[in-house]
Amino acid sequence: MADEALSAGAVARRLGVAVTTLRTWHQRYGLGPGEHVPGHHRRYTPADLARLEIMRRLTAEGVAPAEAARWARQAPAVLPAEQDGPKRRATTARDGGGTTIPVGRAGPVARGMARAAMRLDSVAIGETVAHALATDGVVRTWDGLLRPVLAGIGERHAATGGLVEVEHLVSRCVSEAFATAARAHPTAGPARILLSCADEEQHTLPLEALAAALAEAGVGYRMLGARVPVAALLEAVNRTGPAAVVLWSHTRATADPDQLTAVLAAPRRPLLVLAAGPGWRSDSLPAGVVRPVDLAEALSLAVAVRDSLGQSTTG
């Protein structure tokens, strides 16, 4: 635990709760920030954070908020479950066992978002993602926060067959956050990049991340979305003449190289064709197709194409 005092937003992200929840706990139960510097907002100390962690864990276990707050105020350093063997074992199993979402070494913000995801707390998830996008930008947020949480959900689903509702809720929250981020950076120039999922491909979040990153970089784009048939993709290419086409495939089942070959043979062939996503096999790609290794490389290639056409860096 860090020694420095934290803002309400930082505490909310670490705990995986909404800032409004912290305000409620402060106003109703006296679990507020303890450090006060004249002329500044109060900040949460490590002891405050420890009490709030107890509050979060106990309320997640179904303990009434007033009772959870009483325990939190009385025992700021330890869970009351430590005085109750069965309760402690239940809390440990839920909070650190098979029903949690693993995020590896992604850090406290990702762990907080994972906890919020398990509670289906869309407000906390939305606040966490929005703050990360505003602070760190799209690429760092995707790599450092969202990918670890989404991968953890996928890992738990593969092991248990569950968490479908969690995946759907988190995907919706992330999609909304990307759309908001993209709208915050309107581009005045032409839409040089065409983004599309492969035929029958339904996973769109990575493509939405690229769209938000392009908007952040001032690069105009068009997004076709999920499950785009080859004929429709070719019609879009021939009608709009994009400088680059990004075709996303999440699984081998949707990664048919003939789709890429068709784009390369289009009358208005783009300067660059990117095969993005883990579905594509490098050894099966047609000559002239580039497979970016990650979001940062896809963004870099798209920006390079935009710049090669003489467009200003502001779009």
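Residue numbers here run from 1 along each chain, matching the order of that chain's written sequence. It should be noted that, the model being predicted, local features are given only for residues of pLDDT at least 70 and side-chain atom pairs only at 80 or more, the latter also being counted only at that level, while totals for whole chains, interfaces and linings use all residues. Side-chain metrics rest on all non-hydrogen atoms present in the structure, leaving aside hydrogens and water.

Digging into the overall build of the protein
Each helix is a run of H or I in the DSSP string that is no shorter than four residues. Each strand is a run of E no shorter than two, and both are numbered from the N terminus. Along the backbone of the protein there are 12 helices and 5 strands. Think of it in three bands: with a 1.4 Å probe and only protein chains considered, a residue is buried below 20% of the maximum accessible area for its type, exposed above 50%, and partly exposed in between. By the burial criterion, 45% of the 315 residues in the protein qualify as buried. Contacts in the protein between residues far apart in sequence, at least 24 positions, make up 68% of those at least 6 positions apart. Every accessible area reported is derived by Shrake-Rupley at a probe size of 1.4 Å, with residue values counting cover from the shown protein chains alone. In the structure as shown, the protein presents an accessible area of about 15100 Å², 52% of it carried by carbon and sulfur atoms. Two residues form a contact once any of their heavy atoms are found within 4.5 Å.

Concerning the nonpolar core
Ranked by internal contacts, the top residues of the largest apolar core, which has 54 residues, are Met113, Ile125 and Phe178. Within the residue set of this core, elements represented by two or more residues are α6 (108–118), α7 (122–160), α8 (164–183), β1 (191–197), α9 (205–216), β3 (244–248), β4 (272–276) and α12 (295–308). Core analysis: the next-biggest nonpolar cluster, separate from the first, contains 21 residues, Leu15, Val19, Leu58 and Val63 among them. Put simply, a nonpolar core is a bunch of buried Ala, Val, Leu, Ile, Met, Phe, Trp, Tyr and Cys residues held in one set by side-chain atoms that sit within 4.5 Å of each other.

Some details on the side chain of glutamine 259
Within the secondary structure layout, glutamine 259 lies in helix α11 (residues 257–264). When its relative accessible area of 4% is taken as the criterion, glutamine 259 is described as buried. In protein, a polar contact requires one atom able to donate a hydrogen and another able to accept it; more generally it is a pair of N or O atoms within 3.5 Å, and residues adjacent in sequence count only if both atoms are side-chain atoms. At 2.8 Å, the side chain of glutamine 259 forms a polar contact with the backbone nitrogen of aspartate 199. With sequence-adjacent residues up to four places away left out, glutamine 259 is seen in contact with Ala198, Asp199, Val230, Leu247, Thr254 and Trp280.

Some remarks on helix α10 (residues 230–240)
Inspection of α10 places Leu233, Ala236 and Val237 among the buried residues, and these make up the whole buried set. Along the axis of α10, the buried positions cluster into a sector of 100 degrees, meaning they face one direction only. More than 90 degrees from the buried face of α10, the exposed residues found are Ala231 and Arg239. Residues of α10 that are buried sit in contact with β1, β3 and α11. The first or second residue beyond α10 is glycine 241, which carries a positive phi of 55 degrees. Note that the arc is computed from the directions linking the helix axis to the C-beta atoms.

Observations regarding the confidence of the model for the protein
For every residue, the predictor reports its confidence as pLDDT, a number between 0 and 100. Per-residue confidence for the protein gives a mean pLDDT of 86, with 88% of residues at or over 70. Between residues 76–97, whose pLDDT stays under 50, and residues either more than four places distant or in other chains, the model counts 33 contacts.

Section: unusual backbone geometry
Backbone geometry at leucine 163 places phi at a positive 65 degrees, although glycine is not the residue there. Structurally, the position occupied by leucine 163 is in the loop between α7 and α8. Taking relative accessible area as the criterion, leucine 163 reaches 14% and is therefore assigned buried. One non-glycine residue with positive phi stands out, namely glutamate 200, at about 70 degrees. Turning to its location among the elements, glutamate 200 is positioned in the loop between β1 and α9.

Focus on the environment of isoleucine 193
Examined against the element boundaries, isoleucine 193 turns out to sit in strand β1. Overall, the relative accessible area of 0% leaves isoleucine 193 in the buried class. Each C-alpha atom, one on isoleucine 193 and one on leucine 214, is 8.9 Å from the other, the two residues being 21 residues apart in sequence.

Focus: helix α4 (residues 65–74)
For α4, every residue scored as buried is listed here: Ala68, Ala69 and Ala72. Taken down its axis, α4 places every buried residue within 100 degrees of arc, on the same side. At its buried positions, α4 is contacted by α2 (19–29) and α3 (46–60).

Considerations on the sheet that holds β3
To summarise the sheet geometry, strands pair through backbone hydrogen bonds and adopt either a parallel or an antiparallel arrangement. With parallel pairing, 5 strands are arranged side by side in an open sheet as β2-β1-β3-β4-β5. Either end of the sheet is taken by a strand with one partner, and the two such strands are β2 (220–223) and β5 (289–290). Throughout, an axis means a line fitted to C-alpha atoms (over the contacting stretch in the case of helices), and angles, computed between N-to-C directions, take values from 0 to 180 degrees. The sheet contacts of α12 involve β1, β3, β4 and β5, and relative to β4 the element is tilted by about 170 degrees. Between any two strands, pairing holds if DSSP finds at least two bridges.

Here's the deal with the packing of aromatic side chains
Working definition: a ring pair exists when centres of Phe, Tyr or Trp rings (six-membered ring for Trp) sit within 6.5 Å. Plane angles under 30 degrees give stacked, over 60 give edge-to-face, the rest tilted. Applying the stated rule across the entire model yields 1 aromatic pair. Where tryptophan 142 meets phenylalanine 178, the ring centres are 6.2 Å apart and the plane angle is 45 degrees; that geometry is what we call tilted. Taken as a pair, tryptophan 142 in helix α7 and phenylalanine 178 in helix α8 lie far apart in primary sequence, 36 residues in all. The same class applies to tryptophan 142 as to phenylalanine 178, namely buried. The ring of tryptophan 71 is capped by arginine 70, whose NZ or CZ atom sits 5.4 Å from the centre of that ring. Throughout this description, the term charge over a ring refers to an Arg CZ or Lys NZ atom that lies within 6 Å of the ring centre and within 35 degrees of the ring normal.

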